[in-house]
Amino acid sequence: MKLIVAIVNSRDCNNVINDLTEHDFHITQLSTTGGFLRAGNKTLLIGVEDERVDAAIEIIRKRSHQRKQLIATTDAHVAVSHPMEIIVGGATVFVLDVDQFEKL
Ligand code: 2BA
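Model, not experiment: these values are computed from the prediction.

## A word on the nonpolar core
Membership of the largest hydrophobic core comes to 15 residues, with the highest contact counts inside it found for I4, L20, F25, L44, I46 and I60. Sorting the residues of this core by element identifies β1 (2-9), α1 (10-22), β3 (40-48) and α2 (53-63) as the ones contributing at least two each. Excluding anything up to four places from it in sequence, L20 contacts F25, I27, L44, I46, A56, I59 and I60.

## Points about the sheet that holds β1
Strand pairing within a sheet occurs via backbone hydrogen bonds; the two strands may be parallel or antiparallel. Taken together, the four strands give an open sheet; going across it, the order is β2-β3-β1-β6, and neighbouring strands pair in antiparallel fashion. Either end of the sheet is taken by a strand with one partner, and the two such strands are β2 (27-33) and β6 (92-97). In this sheet, adjacent strand axes meet at a mean angle of 20° when their direction is disregarded. Pairing geometry for β1 and β3, over eight bridges, is antiparallel. When the sheet's bridge partners are listed, I7 is paired in β3 with T43.

About the thresholds
Residues numbered from 1 in each chain as written. Predicted model: local features only at pLDDT ≥ 70, side-chain atom pairs only at ≥ 80, totals over all residues. Heavy atoms only, no water. Core = buried A, V, L, I, M, F, W, Y, C linked by side-chain atoms within 4.5 Å. Buried < 20%, exposed > 50% of the residue type's maximum accessible area, 1.4 Å probe, protein only. Helix = DSSP H or I, 4+ residues; strand = E, 2+ residues; numbered from the N terminus. Contact = heavy atoms within 4.5 Å. Pairing = 2+ DSSP bridges. Axes fitted to C-alpha atoms, helices over the stretch in contact; angles between N-to-C directions.

Quick look at the structure:
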């Protein structure tokens, strides 16, 4: 068994969860905050059998989108802020081995 930890943009979250749920994946959703932008995102915990990991990741890939975002960077020498474009997403996914799984 594996635990998929997927960090998903808040705007994609409902579509990702709906599609995963329709395909019988079990999900826990956490409200989280990215360390760089300090903006809200969602972290999904999905416990799955090994053979279904790829199917779950494919759904997350299909329902998560890249977005361009402008952030302000400051130049300390001249006290001027410059806009910089970054690309946020799609999802950031970790797949962990699960030693034991119990429902008590
Ligand atoms: P944030 O940390 O708020 O990062 C948002 C976006 O800012 C990132 O998008 C990336 O494009 C950019 N970024 C992050 N750190 C940067 C840096 N040091 N310099 C320049 N640009 C930087 P994503 O890579 O798509 O990440 C989206 C969110 O996924 C992140 O939000 C964070 O919550 C999570 N994440 C991404 N990589 C992670 C990792 N290795 N470990 C844990 N969480 C991660």
